[in-house]
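Residues per chain are reported as follows:
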Amino acid sequence: MTEELNNKQDIYFPSYLGNNNNLISLLHRTSQVLCNWFSNAEDFGPLPFDDNFKCIMPGENGNSAEDLFSEIESLLNNSFNPVHPGSLAHLDPPPLIFSILGDLIAAGLNNNLLAYELSPSLTLLEDSLCRWFSKKIGFGDSSGGIAASGGTLSNLNALIAARHNAGLGSDPNSALLVSEEAHSSFIKCTRIMGLDEKNLIRIKTDFKGCMDINHLKKTIDKCSLENKKIFAIVATLGTTIRGAIDPLKDISEICKERNIWLHIDGSIGGIFGLSSIPIEGLNNINQADSITINPQKIIGITKTSSLLLVSKISTLKNTFSTGLPYISSNENIINRGEIGIQGSRPAEVIKLWLGLRFLGLTGIEEILKSAINRKEFFMDNINKNKFELYSGPLHIVSFLPKGLTPKETDSWTKTKVNELKNKNYMLSRPKFKDKYFLRVVMGNYNTKQFHIEELLKFLDAYQ
Ligand SMILES: Cc1ncc(COP(=O)(O)O)c(C=O)c1O
C-alpha cells in the first residue's frame, strides 16, 4: 500500500495501523460542541429556529473540518433542545448520558443486527436483553423479542405476526380492533398490511379514555355476524393524548375466551412494568401475546429505542423467517433479521443496555417516579375551577379552559403555544374529538417544581 493511500485512510476511516489521533481530536471537539449546546440551552430556549437557517449540500470537493464544525454548530443552534427544562411538548426527554455513549459505540462498531456473523456479541446482547425484559414483565421461558426503530415498527411487527398466527394472510375480511384513542400509527400499519380503514375497527372509550368493554364485546359479536375475522385486539397502555390505560384484565380475558391475539401498545407505559410504582391498571401485562415498549419515550434512551416482546418467540420466527442465502448461519442462533421486518439494523441495543445498566432498576424507578411526581404537582396546582383536565395514571395531561367551543379551542391553543414559546416553554397542541388542547408531557428530568409553577402562572392557571 502506498504512503498516499495510507494517509487517505487515516483521514477517511479509522486506521487499523495508526494511533487514530485525528479521530480522537475530532471526537474531543465534537464532545465539547455538544456539551456546550447542552450547557447553553437556557440561552436558546427549547425550540430555537432562525428562518435564515440554510442546509448546505455536498460540493465537488470535500469540506474542511472547520467548515463542518461551523455547520454542526448551526445545526445544533437550530434544533429542538430536549435538555431545556421548558421542553414539555412531546415524549422526547433529555438523552441519558450513557445512551449518548452507546450511540457513539454503535456507530464506531458499525455492526449489523441482520445476522449473527455480522454482529456476534450484539446479537447475543439483543437476544439476552429482550429475554430479560420479557421475564421482568412476567412472560415465561418461551418468550423473547426484537428491537425495531420506533413504536410504529414494533406495533407493525406484532400485527403482522398476529395475522400470520391467525392464518389469515391477506384475507380482506381480517379486522383489527383498537380503541378510538389508540395511536394514529395503527392506520399506517393497516395500510402497510394491505388492509383499508374499514378493517381497523375503533372501540369507544369511556370518560377516562379507556376502552369500553361493553362496546368491545358488542363489536366482536358484530364482527362474527359480518364474517369479519379479528386477528388482534390492541390495548393501549398509555394513550398519547392523556396517558390512559385500557382495562388489560378484561381485555385479556376476552382475548383468551375468543382465542384472539392480544397486543399491548405499551410504547408509553410499558416501561413502568420494570418498576414497582403502583400505577392503576398496570397489571396483567403478561397476559398479552405481544407488547411494545419504547424506552426512548420516558427514561431517555436515545432515539430510536423500541422493543417488541412476545410471549412465544416462535411466533416471530414463523412469521418472518425466509432464510438468508448470502449469510453463513449458526444452527443454534437466530439471525435477528429473520424475526422482524427490518433487515440491516444498527446496534440500537447498546444504548438501551448501557442506559439500563447505568441506571439499574432503582434509577429507572427514580426517573419514572419523578415524571409522575411532576405530573401530580401540575395537577395539584392548576386551577380546576377554570380548566378541564384530561389525564390518566401516567405523566401526560391535556387541558383546556372550561366552556370553549371547538372553534375557540383552535385560536386559544394557537395563541397560548406561541406565547409560551416566547417564554421558553414548549407545549403541544393535540386535536382530539374536534377540539384542540394544550398538552404537557412531564418526562423531562430537568423540569423542577418552580418551572411548573412559572408555567401555570404564565397560563394564568395557578391556583
Ligand atoms: C401510544 C403510542 N404508540 C405508538 C407510537 C408511535 O411511536 P414512534 O413514533 O416511536 O413510531 C406513539 C408515539 O408517540 C405512541 O404515543
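Residues numbered from 1 in each chain as written. Predicted model: local features only at pLDDT ≥ 70, side-chain atom pairs only at ≥ 80, totals over all residues. Heavy atoms only, no water.

Asks: Just checking my understanding: could you explain the packing of aromatic side chains for this structure?
Replies: In this description, an aromatic ring pair is defined by two values, namely the gap between the centres and the angle between the planes. Inspection of every chain in the model, using the stated rule, returns 10 aromatic pairs. Their ring planes at 55° and their centres at 6.3 Å tell us that Phe387 and Trp412 sit as a pair that is tilted. In this pair, Phe387 sits in strand S8 (residues 387-390) while Trp412 sits in helix H13 (residues 406-422), placing the two residues 25 residues apart along the sequence. Owing to a relative accessible area of 4%, Phe387 belongs among the buried residues under this scheme. Three or more aromatic residues joined by ring pairs make a cluster, and in this case those are Phe378, Phe387, Phe399 and Trp412. Against the face of Tyr445 rests Lys448, its NZ or CZ located 5.6 Å from the ring centre. For the cation-ring pair, Lys457 lies above Tyr462, with the distance from its terminal atom to the ring centre recorded as 5.1 Å. (Phe/Tyr/Trp six-rings, centres within 6.5 Å; stacked < 30°, edge-to-face > 60°. Helix = DSSP H or I, 4+ residues; strand = E, 2+ residues; numbered from the N terminus. Buried < 20%, exposed > 50% of the residue type's maximum accessible area, 1.4 Å probe, protein only. Lys NZ or Arg CZ within 6 Å of the ring centre and 35° of its normal.)

Asks: Whenever I open this one, helix H10 (residues 248-258) confuses me. Can you help?
Replies: One full turn of an α-helix is made of 3.6 residues, so residues set three or four places apart face in the same direction. When H10 is considered as a whole, its buried residues turn out to be Leu248, Ile251, Ser252, Ile254 and Cys255. Within H10, the buried residues cover an arc of 160° as seen down the axis, which keeps them to one side. Residues of H10 that are exposed and point more than 90 degrees away from the buried face comprise Lys256 and Glu257. (Arc of directions from axis to C-beta.)

Asks: How should I be thinking about the site of the ligand in this particular structure?
Replies: The environment of the ligand is formed by 14 residues, the closest being Gly151, Thr152, Thr240, Asp265 and Lys297. At 2.6 Å, a side-chain N or O of Thr152 approaches an oxygen atom of the ligand. With respect to the ligand, the side chain of Asp265 contributes an N or O atom lying 2.6 Å from a nitrogen atom. Bound to the protein, the ligand loses 84% of the 400 Å² it would expose on its own. Here the shell around the ligand takes three residues from helix H7 (residues 151-165), the largest share from any one element. Residue classes in the shell around the ligand are distributed as two nonpolar, 10 polar and two charged. (Near = heavy atom within 4 Å. Polar contact = N/O pair within 3.5 Å; in protein donor to acceptor, adjacent residues only side chain to side chain. Areas by Shrake-Rupley, 256 points an atom, 1.4 Å probe, with all protein chains shown as cover. Nonpolar A, V, L, I, M, F, W, Y, C, P; charged D, E, K, R; others polar.)

Asks: Would you take a moment to explain the environment of Asn63 for this structure?
Replies: Tracing the backbone through its elements, the reader meets Asn63 in the loop between helix H3 (41-44) and helix H4 (65-77). At 3.0 Å, the side chain of Asn63 forms a polar contact with the side chain of Asp67.

Asks: It is not clear to me how the sheet that holds strand S7 (residues 306-310) should be interpreted in this structure. Could you clarify?
Replies: Strand pairing in a sheet takes place through backbone hydrogen bonds and is either antiparallel or parallel in direction. Taken together, seven strands build an open sheet; the order of strands is S1-S7-S6-S5-S4-S2-S3 and the sheet is mixed. The outermost strands of the open sheet, each flanked by one partner alone, are strand S1 (144-148) and strand S3 (200-203). Across the sheet, the mean angle separating the axes of adjacent strands is 20° when strand polarity is ignored. Two strands pair when backbone bridges link them, and strand S2 (residues 174-179) and S3 are joined in this way by four bridges, in the parallel orientation. By the bridge assignment, Ser179 is partnered in S3 with Ile203. Sheet strands in contact with helix H8 (residues 185-192) are S2, S3, strand S4 (229-236) and strand S5 (261-266), and its direction is about 155° off that of S3. (Pairing = 2+ DSSP bridges. Axes fitted to C-alpha atoms, helices over the stretch in contact; angles between N-to-C directions. Contact = heavy atoms within 4.5 Å.)

Asks: I would appreciate a short explanation of the sheet that holds S8 in the present structure.
Replies: Ordered by their spatial adjacency, three strands build an open sheet running S8-S9-S12, and the pairing between neighbours is antiparallel. The open sheet terminates on both sides in strands that have one partner only, identified here as S8 and strand S12 (438-441). Averaged over neighbouring strand pairs, the angle between their axes works out to 25° when direction is ignored. Direction of pairing for S8 relative to strand S9 (residues 396-401): antiparallel, over a ladder of four bridges. Residue pairing for S9: Phe387 is matched across the bridge by Pro401. Against the sheet, helix H12 (residues 349-381) contacts S8, S9 and S12, and its axis sits at roughly 20° relative to S9.

Asks: Before we go on, may I ask you to explain the side chain of Asn155 in this structure?
Replies: For Asn155, the location among the structural elements is in helix H7. Residues in contact with Asn155, not counting those within four places in the same chain, are Ser185, Phe186, Cys189, His263, Asp265, Ser267 and Thr292.

Asks: When you look at a nonpolar patch on the surface in this model, what are you seeing that I'm missing?
Replies: A surface patch of nonpolar side chains, about 390 Å² in accessible area, is lined by Ile11, Tyr12 and Phe13. Among the structural elements, Tyr12 can be located in helix H1 (residues 3-12). With a relative accessible area of 57%, Tyr12 lands in the exposed category. (Patch = residues over 30% accessible without salt bridge, like charges linked within 9 Å, V, L, I, M, F, W, Y side chains within 5 Å. Salt bridge = Lys/Arg side-chain N within 4 Å of Asp/Glu carboxyl O.)

Asks: Any chance you could explain the packing of helix H6 (residues 120-136) against H12 here in plain terms?
Replies: Orientation of H6 relative to H12, taken along the N-to-C sense of each, is 50°, at an axis distance of 10 Å. Overall, the two elements H6 and H12 adopt an arrangement that is oblique. As for how H6 packs across H12, the hand of that crossing is left-handed. Taking contact as the criterion, the partners of Leu122, Leu125, Glu126, Leu129, Trp132, Phe133 and Lys136 in H6 are, on H12, Val349, Ile350, Leu352, Trp353, Leu356 and Leu361. Tallied by class, the residues present in the contact of H6 with H12 amount to 11 nonpolar, no polar and two charged. (Parallel < 35°, antiparallel > 145°, perpendicular 65-115°, else oblique. Left-handed = near helix turned anticlockwise from the far one by under 90°.)

Asks: I would appreciate a short explanation of unusual backbone geometry in the present structure.
Replies: Most peptide bonds adopt trans geometry, and most residues besides glycine take a negative phi value. In this structure, Thr304 follows Lys303 across a cis peptide bond, with omega equal to -10°. Unusually for a residue other than glycine, Asn20 sits at a positive phi of about 60°. Within the element layout of this structure, Asn20 appears in the loop between H1 and helix H2 (21-39). The backbone of Asp434 sits at a positive phi, close to 70°, despite the residue not being glycine. For Asp434, the location among the structural elements is in the loop between strand S10 (431-432) and strand S11 (435-436).

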